[in-house]
Amino acid sequence: MCGICGQFNFARNEPVESETVRQMTSSIAHRGPDDEGYFLSGRLGLGFRRLSIIDLAGGHQPMSDAEETVWVIFNGEIYNYRELRAELQSKGHEFRTNSDTEVIIHGYKKWGAEVLNHLNGMFGLAIWDVKKQRLVVARDAMGIKLIYYRITNGQLTFGSEIRPILTAQDFKPEIDPVALNLFLRFRYTPSPLTVFQGIRKLAPGTMLIAEKGKCRELRWYNYTPVPFSDRKDEKEAAEELLELYRGGVKRHLLSDVPVGILLSGGIDSGLLLALMNEQGGPWPAYTIGYGETFEDDELTDAKETAAVLGARHVPVKLSRAEFERSLPKIVECLEEPIASSSIVPMYFVSQRARQDVKVALIGQGPDELFGGYTRHLGVHYGNWWRWLPSVIRSSVSFAVDRLPRNETLKRGVSSLGTLDRMKRYQDVFSLAPARIIEELFRDDTLPRRNGDEVADYWRDLIPQMAHTDELGGFQLLEIRSSLPDELLMYADKLSMAHSLEVRVPYLDRTVVEYVQRLGAGFKVRNGSRKWLHRRVCERYLPSRILKRKKRGFAVNVVDDWFHSSLTGKLQEVLLDENSLMFGLLNPRPVRRLLEVHQSGRQDNHKLLFSLVMIEQWLRRVCLATKIQDPQSAGVTPCSKALR
């Protein structure tokens, strides 16, 4: 586990400056405090920071084969590296280390870039083919690890974070209003965009190939789920899923350093802990809490789960004052704005876990795989709604639209009536209709048809949806977009800010690809969510744990803190016309959003939180990345891209 970066003059006959690569690497030292390494060869420079997890003595990077024809830098873990190593050895390949990195080298020599499809793991990597003068840069299939990049004047600059790119190139990054618009709609910025113009991030399962004076981006992971040919028996499906879970957890526990678990009070992390116990233990279990005065506090529930399953429970308490005080620092760690209240508890629970362990497993994934969110019910039963006569739909829509504060229900009713599949999915993801978001921007700031760009980026996934039902298609998009670009993105950034490796066993490729072949009835049944997953949980967890309501690190508490803060400190940035965001946004509609929220007519706290996050991001990130203060310089902030 580490951080990688590099620069390649693929269409310029100029050497890369070694000092530039060293400065890029230093900018991500927090990701790898144990070691550093460099490879410099004419037009190419690679940098590496290491957090030692496997083969502590032999895993130094950049790593090459004995002949030095293939070089690799790699951030992540390859969980099936032992099987691949044995396969490659049987074909005559000789290994010099016990690290998973070396499997990538010999795999590339055997299969070329197709090696990526042989890897079961999380990774951001770069492979340098000396003979072909080819650079391959790739992000893993599930998007657990990140790769950012910038291409300008025949030069590719990339890294695990945005920091190396800003460090390498003396330019003032401009804000992309299209990306900002999408952030306000979804609470995250979908790949391949970032909020910086010209800086992109690889989508999950995609790669860059730079050779012969050109650099192209293409999708290497094209798994197309096909339903099982025979109707699968429910008991059989539960047995198969359990075995896949067991295999995934066993692989994810491979480590030469201490391992723990980030434990909520819910069933997903509870089952994960039970499966970990089959491989060893007792394990340290870390839970974030907020105090006994909060109904949604999870410390008591998680403590009970830990006691039932024999783990050593470690509570982490967070106060509202610390929440408000730490928010700007956390925003800076993220580099891109993310409007999820989970970011604060994730930061602090990772900080505490790192005091004891280098690796922590988390229970992310079953909600997306098995339909654990309310939106999945709407998507699953949406066909019934579209089959209703239009007069009935219109009457119901009119009645729902007049309800106070039920914004989620209003959006659901509106979006599920959309006939175009990709547009319908986009509307389900949205916090607010495109019209409402676009009205927040100053005139002439956004290009035409701005609201539909993300559907265009998603369209190359349509062939993978060829055999999926309505829910399965939505979940495929979720697994390729919101899960990696929001939830997994902040998990990576906030854990690695403390040099902690976070692993996601439920997103093992064998698990994900199996579940994607299951019909919706195994996920949502009679209004119950995560149906098959719960059947597996029943084998390990007592009924009192199974009946707990979904909380997810009790983020409702943080939501309430923000909600109440809209009458205090946090609302100030929404009312202050000197706030940096108002270079792009119009203060009047922003103020109107706040007014109707405080009056009780609408519940806009998610969108308002997103606006606060934009301002925090502008203040902490933009002004810290060579961008001149627009207010003091007399430049309209953001509308001139803060240059």
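Per chain, the residues get numbers from 1 upward, laid out in the order the sequence is written. Two thresholds apply to this predicted model, a pLDDT of at least 70 for residue-level local features and 80 or more for giving and counting side-chain atom pairs, whereas whole-chain, interface and lining totals are computed over all residues. Note that water and hydrogens are dropped before the side-chain values are worked out from all heavy atoms of the structure.

**Student:** A description of the packing of helix α16 (residues 421-429) against helix α19 (residues 470-480) should follow, citing residues and the corresponding values.
**Tutor:** Fitted lines through C-alpha atoms serve as axes, helices being fitted only where they are in contact, and the angles separating the N-to-C directions of these axes extend from 0 to 180 degrees. Only DSSP runs of H or I covering at least 4 residues are called helices, and only runs of E covering at least 2 are called strands; the numbering of each starts at the N terminus. Here α16 crosses α19 at 65°, and the two axes come no closer than 11 Å. At the point where α16 passes α19, the crossing takes the right-handed sense. Residues R421, M422, R424, Y425, V428 and F429 of α16 lie in contact with α19, whose contacting residues are E470, G473, F474, L477 and E478. Each residue receives one of three labels: charged for Asp, Glu, Lys and Arg, nonpolar for Ala, Val, Leu, Ile, Met, Phe, Trp, Tyr, Cys and Pro, and polar for the others, Gly being one of them. Residues that form the contact of α16 with α19 fall into these classes: 6 nonpolar, 1 polar and 4 charged. Note on convention: the crossing is left-handed when the near helix lies turned anticlockwise from the far helix by less than a right angle, right-handed when the turn is clockwise. Residues count as neighbours in contact if any of their non-hydrogen atoms are within 4.5 Å of one another.

**Student:** Break down the sheet that holds strand β4 (residues 63-64) for me, with residues and values.
**Tutor:** Ordered in space as β4-β5-β6-β7-β11-β12, the 6 strands form an open sheet in which the pairing is antiparallel. Taken across any chain shown, the strands that pair with only one partner, and hence form the sheet edges, are β4 and β12 (214-219). Of the strand pairs in this sheet, strand β5 (residues 70-78) and strand β6 (residues 121-129) are connected by 9 bridges, and their pairing is antiparallel. Bridged to V70 within β6 is D129. By this definition, two strands are paired if DSSP reports at least two bridges between them.

**Student:** A description of the pattern of salt bridges should follow, citing residues and the corresponding values.
**Tutor:** Any Lys or Arg side-chain nitrogen found within 4 Å of a carboxyl oxygen on Asp or Glu counts as a salt bridge. Enumeration according to the criterion identifies 42 salt bridges in this entry. We note a salt bridge from E336 to K201, for which the minimum N-O separation is 3.1 Å. Taken as a pair, E336 in the loop between α9 (320-334) and α10 (343-353) and K201 in strand β10 (residues 200-201) lie far apart in primary sequence, 135 residues in all. Relative accessible area decides the class of each residue, using a 1.4 Å probe on protein chains only: under 20% of the type maximum gives buried, over 50% gives exposed, and in between gives partly exposed. Note on E336: relative accessible area 2%, which makes it buried. Classification of K201 by relative accessible area gives buried; the value is 1%. One network of salt bridges, with partners in common, ties together R31, K145, E161, R163, E335, D492 and K493.

**Student:** Go over the side chain of R85 with me, naming the residues and quoting the values.
**Tutor:** Looking at where R85 falls in the secondary structure, it is placed in helix α2 (residues 81-90). In this count, Lys and Arg are taken as positive residues and Asp and Glu as negative ones, while His and the chain termini are left out. Buried charge R85 goes without a salt bridge, the closest partner of opposite sign being E102 at 4.8 Å. Apart from the residues lying within four places of it in its own chain, the contact partners of R85 are F95, T97, N98 and V103.

**Student:** Break down the packing of aromatic side chains for me, with residues and values.
**Tutor:** Stacked, tilted and edge-to-face pairs are distinguished by plane angle, under 30 degrees for stacked and over 60 for edge-to-face with tilted covering the rest, among Phe, Tyr and Trp rings (Trp via its six-membered ring) whose centres lie within 6.5 Å. Under the definition given, this model contains 15 aromatic pairs. Relative to Y188, the ring of F186 has its centre 6.0 Å away and its plane inclined at 40°; by these criteria the two rings are tilted. Side by side, F186 and Y188 carry an identical accessibility label, which is buried. Clustering of aromatic rings is evident, with ring pairs tying together F186, Y188, Y425, F429, W458 and F474. We count a charge as sitting over a ring when the NZ of a lysine or the CZ of an arginine lies within 6 Å of the ring centre and within 35 degrees of the ring normal. The ring of Y38 is capped by R22, whose NZ or CZ atom sits 4.3 Å from the centre of that ring. Sitting over the ring of F228, K232 keeps its end group 4.3 Å from the ring centre.

**Student:** Any details on the pairing of strand β1 (residues 2-8)? Residues and values, ideally.
**Tutor:** Of all 7 residues that make up β1, 7 are buried, and the element is covered over most of its length. Side chains C2, I4, G6 and F8 project from β1 onto one buried face, and the interleaved G3, C5 and Q7 project onto a second face that is buried too. Relative to strand β3 (residues 44-50), β1 is paired through 7 bridges, and the arrangement is antiparallel. The residue of β3 that forms the bridge with G3 is R49. As defined by bridge partners, β1 adjoins strand β9 (residues 155-159) across 4 bridges and the pair is classed as antiparallel. Its bridge partner lying in β9, C5 is registered against G159.

Any link to function would need more than the numbers given here.
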